[in-house]
Amino acid sequence: MVGTNSTGKDIGAAKRAWSARLHIVTGKGGTGKTTVAGALALALARGGRRTLLVEVEGRQGIAPMFGVGQLPYAERKVASSGGGEVRALAVDAEEALLEYLDMFYKLGIAGRALQKLGAIDFATTIAPGMRDVLLTGKVKEATTRTESGHRVYDAVVLDAPPTGRIGRFLNVTAEAARLAKVGPIKTQSEGVAAVLRSPIAAVHLVTLLEEMPVQETADAVAELSALGRVIINATRPPLATDGRITATELRKGLAAAGLPNDRATAAGLAHETKDYVVRQAVEQSMRADVEEIGRPVIELPFLPGGMNRAGLELLATELIGASKKANGTPAEQ
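Residues numbered from 1 in each chain as written. Predicted model: local features only at pLDDT ≥ 70, side-chain atom pairs only at ≥ 80, totals over all residues. Heavy atoms only, no water.

Enquirer: Explain the overall build of the protein chain to me, please; I cannot follow it from the model alone.
Expert: Each helix and strand in the protein chain was counted, giving 14 helices and 10 strands. For the protein chain, with 333 residues in total, the buried portion stands at 46%. Across the protein chain, contacts joining residues at least 24 apart in sequence account for 72% of those joining residues at least 6 apart. Put simply, the protein chain shows about 16,000 Å² of open surface, and 55% of that area lies on carbon and sulfur atoms. (Helix = DSSP H or I, 4+ residues; strand = E, 2+ residues; numbered from the N terminus. Buried < 20%, exposed > 50% of the residue type's maximum accessible area, 1.4 Å probe, protein only. Contact = heavy atoms within 4.5 Å. Areas by Shrake-Rupley, 256 points an atom, 1.4 Å probe, with all protein chains shown as cover.)

Enquirer: Before we go on, may I ask you to explain the packing of aromatic side chains in this structure?
Expert: Where two aromatic rings form a pair, the distance of their centres and the angle of their planes describe that pair. Here the structure, examined in full by the defined rule, presents zero aromatic pairs. Taking the ring centre of F302 as reference, the NZ or CZ of R236 above it sits at 3.7 Å. (Phe/Tyr/Trp six-rings, centres within 6.5 Å; stacked < 30°, edge-to-face > 60°. Lys NZ or Arg CZ within 6 Å of the ring centre and 35° of its normal.)

Enquirer: Is there a simple way to think about helix α2 (residues 33–45) in this case?
Expert: Note that an α-helix has 3.6 residues per turn; residues three or four places apart therefore point the same way. With 13 residues, α2 should cover 18 Å at 1.5 Å per step; its first-to-last C-alpha distance of 18 Å lies within 8% of that length. Taken across its 13 residues, α2 has 13 buried, putting it largely inside the fold. Positive backbone phi, at 85°, marks G47, one or two positions downstream of α2. (Expected span 1.5 Å × (residues − 1).)

Enquirer: Even after reading the chapter, I still don't get the pairing of strand β3 (residues 76–81), so can you show me in this structure?
Expert: Every regular strand shows the same layout, with side chains that alternate between the two sheet faces. Across five bridges, β3 lies against strand β4 (residues 84–90) in antiparallel orientation. Each residue of the ladder has a partner; that of S80, found in β4, is E85. Taking the residues that link successive antiparallel strands as the turn, the β3-β4 hairpin has two residues, and the phi of G82 there is positive, at about 55°. (Pairing = 2+ DSSP bridges.)

Enquirer: Which parts of the structure should I look at to understand the pairing of strand β7 (residues 155–159)?
Expert: Burial of β7 is extensive: five of the five residues sit out of reach of the surface. Alignment of strand β1 (residues 22–27) against β7, held across four bridges, turns out to be parallel. Bridge pairing links L22 to V156 in β7. Two strands pair when backbone bridges link them, and strand β2 (residues 50–55) and β7 are joined in this way by five bridges, in the parallel orientation. Counterpart to E55 in the pairing with β7 is D159.

Shown next as structure tokens:
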């Protein structure tokens, strides 16, 4: 098994393959992007590293994955992995604005008073561009933060908005230009944009082998820069290559397995087998479409037991294993 602490070779391969410091994970809703982000944070923490897993949509999707309570607007340790640790942060736009007002305008107490009056919520609602500037600004701060000359986090993983909104979310410079021509807001947004466009950032796209997720992935690739990998989630190994199996053969197989093998059961199973083969052909077509996108592809398995900490660790191991197999290919560009 790869991705364990028994050798530094696998960890080194992961570091080279996942060389960015800021990993932005997006995908169409329902593809499992939050799960993939959590697994990636665990994978990057192995080998004694410290990673930060960030969410910005207010869904509190990270907490249940790691079996912890609702996350506050503060960085909290949620897991240990391979000698390292994962911390998590749920960024709240209102709290980020209060922090911003205190940092740049020294309005700590006054800012809290504005919050009580509802002015903070009004500001982040009436100007959605401001909201994205604040959210991405907090992510940028965590990515570049240092203490005593050393980076606080070896890697930051962002569970980003879905592909339908990711372009606007990351385009903070244009959004900020609508808010201010000069001043701290413009300066901060330009600093964020510089990080997002630099080699330390990579956008990874999560998809399923279904038409709509694959199409949204292709559209996002055409729109975004600093692209990393395409991650096909919840894949299953093929169980049948064609539907040319007779009801008689199925009845024999059912009997050998000690299962009911009446004609109705065998006929129903034969019909399901044909449907499965059709589905497999569709998935193969979708897989070919993903390959044509032209980005490195990683496939993660479907977890029949559902998502839990053990499942996250398994996916983390798969991510490291896939990166090891791909070692020698270019990392995020």
